[in-house]
There are 2 protein chains.
Amino acid sequence: MTRAVWVDGMAEGAVGPLDRGLAYGDGLFETIALRNGRAPLLDLHLARLREGAARLRLALDTQRVQDDLARAFAVATQRTGGDGVVKLIVTRGDGARGYRIPDGSMPRHVVLLDDLPAFPAANATEGVELYPCAMRLGCNPQLAGLKHLNRLEQVLARSEWDDARFAEGLVCDIDGRVVEGTFSNVLLVQRGELVAPSLARCGVAGVMRRWLLAQAPSLGIRVREADVLDKDLARVDEMMVCNSLFGLWPVLACGARRWPAGPVTRRLQDAVAELFAGGEGA
Amino acid sequence: MTRAVWVDGMAEGAVGPLDRGLAYGDGLFETIALRNGRAPLLDLHLARLREGAARLRLALDTQRVQDDLARAFAVATQRTGGDGVVKLIVTRGDGARGYRIPDGSMPRHVVLLDDLPAFPAANATEGVELYPCAMRLGCNPQLAGLKHLNRLEQVLARSEWDDARFAEGLVCDIDGRVVEGTFSNVLLVQRGELVAPSLARCGVAGVMRRWLLAQAPSLGIRVREADVLDKDLARVDEMMVCNSLFGLWPVLACGARRWPAGPVTRRLQDAVAELFAGGEGA
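Residues numbered from 1 in each chain as written. Chains lettered and ligands numbered in written order. Predicted model: local features only at pLDDT ≥ 70, side-chain atom pairs only at ≥ 80, totals over all residues. Heavy atoms only, no water.

**Remarks on the overall build of chain A**
Stated formally: Each helix is a run of H or I in the DSSP string that is no shorter than four residues. Each strand is a run of E no shorter than two, and both are numbered from the N terminus. Restricting the calculation to C-alpha atoms gives the radius of gyration, and the globule rule supplies 2.2 Å times the number of residues raised to the power 0.38. The buried label goes to any residue with under 20% of its type's maximum accessible area, the exposed label to any with over 50%, and the partly exposed label to all in between, with areas taken from a 1.4 Å probe on protein chains only. A contact between two residues is defined here by any heavy atoms of the two lying within 4.5 Å. Only the protein chains shown count as cover for residues, and the accessible areas themselves come from Shrake-Rupley with a 1.4 Å probe. Charge counting follows a simple rule: Lys and Arg are positive, Asp and Glu are negative, and His as well as the terminal groups are ignored. Here the site of a charge means atom NZ of a Lys, CZ of an Arg, CG of an Asp or CD of a Glu.
Counting secondary structure elements, chain A contains seven helices and 14 strands. Its C-alpha atoms give chain A a radius of gyration of 19 Å, near enough to 19 Å, the size a compact globule of 282 residues would have. Over its C-alpha atoms, taken along the principal directions, chain A stretches across nearly 50 × 45 × 35 Å. Relative to its 282 residues, chain A shows a buried fraction of 60%. A separation threshold of at least 6 residues defines the contact pool for chain A, and within that pool the share at least 24 residues apart is 74%. Taken as a whole, chain A presents about 10800 Å² of accessible surface, with 51% of it coming from carbon and sulfur. Each charge sign in chain A was given a centre, from 34 positive and 35 negative side chains, and these centres are 3 Å apart.

Here's what the structure looks like:
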């Protein structure tokens, strides 16, 4: 349930019907977890938002972003002591008909504050099963990695299953490469090495994925980004999904394939638990 | 300039910040030209909207669509005698956080009425030059052809040029196949045959393109949908772009390549002129 909404800083605001976020998905978003009054991966969220704005030529005002987040964090702290999820949508703002980016367009900021979602504890302790989505991601390096508002592929992939047995889905690209989950990133372990499927052609570059890849070497785990074909998953030692809300879940099964919740996964889960408890990050 | 707006039938309405059109581009749109009180391609617009809704599992209420259009057409007729452009956006409606399609979601309808755009008359009489866009379209057969709200590729392609010399851009897919313009479809003539680049992998299946392909045989022109590589354009006899607002423009140049405004293009332009004047269609 959404606890509070602001549009361009106004509580309970609405979005004008000429907004290019609505018309074209012309914008970006971030979903930021707040735990005990702290947003552990805030710097990575802000870095991705800035990079996305640069790639979409969107005139991001970082001071407005910080004011928006401060306002939402303050309300979350009042209400719950500082737990919540803040979703920030930044669109190109209003436009006339036509794809051309209007001169001097003014971005629109929508902020939604929700409770932290409650996932089953067993997802982390035991592991999860992934639904093997038939939906494929199109490849477009110009949009790859961005958390932009064109998310119909994720909507369709997520619509493929309704059975709560599947905590997440596995999504491949049009050429059969493993890319990500519908709302998480995928990481694999092969011969002790942490392998992150490449996001050079499609997919969302999640901040938890980025944080884990940066932390792993200090935990004695080598890391590598690589193209991984769906058929190669049979030869993988461990598999996991991660995002900034739930952290890291071992993946036990997807289709006919089975993996253990192995030692590398467990070591990374410990690091995430420490991050969430306040041991690291901003 | 936008002349009138309705959101779910309410004049001057706004869109709630939880709308999934805004969050994910989860919806469809149609841009319908009204000329002398008639919408010549209305049936094709409605057919595409219904097909898109089926493919996106969106619970379209066609009676609401017809009421929306009747309302906008009535205002256009009062104001201008019946010329205008009606843009209808149908989103999935409001949702909570997450990609999952909510049970019983209620689509939101946004209707925008504008004046018919004024294009230079020379675009049709003499022809146009296309900007060769570097932006490539990702391939995803599950979304191909739909006029959905995920249009960042078009936004980025259209942002590549600012010189009014280029009336439109030419956009290829990631594998170098010619697909479309940024706001129009492309048609070619080879050995007297009308060739429409395939939209099986990406692109928007324009209603004018569809109408022309249906009309051409009765004008003695054979038609074919085919994959066309960008490098094959040098061996094309005529080239044109079309959409339901401007009709059909001969393409004279794109990059180093030149084409004449040839006889097949002119015959099809005559058919469009007749359509716009009231000679055909619904």
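**Section: helix α7 (residues 263–277) of chain B**
Residue and element names in this part refer to chain B. Quick note on the threshold: The length a helix should cover is 1.5 Å for every residue beyond the first. The reported arc concerns the directions from the helix axis to the C-beta atoms and nothing else.
For α7, which comprises 15 residues, the first-to-last C-alpha distance of 21 Å matches the rise-based estimate of 21 Å (1.5 Å per residue) to within 8%. All of the buried residues in α7 are Val264, Thr265, Leu268, Gln269, Ala271, Val272, Leu275 and Phe276. Burial along α7 is one-sided: seen end-on, the buried residues are contained in an arc of 160°. In α7, the exposed positions angled more than 90 degrees off the buried face are occupied by Pro263, Asp270 and Ala277. Contacts from the buried residues of α7 go to α4 (121–125), β9 (185–190), β10 (193–197), α6 (207–215), β12 (238–243) and β13 (247–254). Phi turns positive one or two residues past the end of α7, at Gly278, with a value near 110°.

**Describing the interface of chain A and chain B**
Using the following cut-off: Buried area is calculated as the accessible area (1.4 Å probe) missing from two parts once they are joined, with the contributions of both summed. A pair is scored as a salt bridge if a Lys or Arg side-chain nitrogen falls within 4 Å of a carboxyl oxygen belonging to Asp or Glu. Under this definition, polar contacts are N or O atom pairs within 3.5 Å; protein pairs additionally need one hydrogen-donor-capable and one acceptor-capable atom, and for neighbouring residues in sequence, both atoms have to be side-chain atoms. Residue polarity follows a fixed list, in which Ala, Val, Leu, Ile, Met, Phe, Trp, Tyr, Cys and Pro are nonpolar, Asp, Glu, Lys and Arg are charged, and the others, Gly among them, are polar.
Taken residue by residue, the interface counts 61 residues in chain A and 60 residues in chain B. Both faces considered, chain A and chain B share a buried interface measuring about 4800 Å² in area, 64% of it formed by carbon and sulfur atoms. Between Arg100 of chain A and Asp162 of chain B there is a salt bridge; the shortest N-O distance is 2.9 Å. Our count for the contact surface shared by chain A and chain B stands at 17 residue pairs in polar contact (both at pLDDT 80 or more). Looking at the side of chain A that touches chain B, the elements that each hand over two or more residues are β1 (2–7), α1 (20–24), β3 (27–34), α2 (42–56), β4 (84–91), β5 (108–114), β6 (128–137) and α5 (152–158) of chain A. Per-element accounting of the side of chain A that touches chain B gives the leading share, six residues, to α5 of chain A. Of the residues contributing to the side of chain A that touches chain B, the split by class is 31 nonpolar, 15 polar and 15 charged.

**Considerations on the relation of the copies chain A and chain B**
The cut-off we apply is this: For the least-squares superposition of copies, only C-alpha atoms count, and only for residues with pLDDT at least 70 in both.
Note on the identical chains: chain A maps onto chain B by a rotation of 180° and an axial translation of 0.0 Å, with an RMSD of 0.0 Å. Read as a symmetry element, the transformation amounts to a two-fold axis.

**Quick look at the pattern of salt bridges**
All names here are of chain A. The final tally for this structure, using the stated rule, is 44 salt bridges over all chains. The salt bridge involving Arg3 is made with Asp115; its shortest N-O contact spans 2.7 Å. One end of the pair, Arg3, is in strand β1; the other, Asp115, is in the loop between β5 and α4 (121–125), with 112 residues separating them in the sequence. By relative accessible area, which is 34% here, Arg3 ends up partly exposed. A salt bridge links Arg165 to Glu129; its shortest N-O distance comes to 3.1 Å. Linking Arg165 in the loop between α5 and β7 (166–173) with Glu129 in strand β6, this pair joins segments that are 36 residues apart in sequence. Where salt bridges share partners, they join Asp8, Asp19, Arg64, Asp94 and Arg108 into one cluster.

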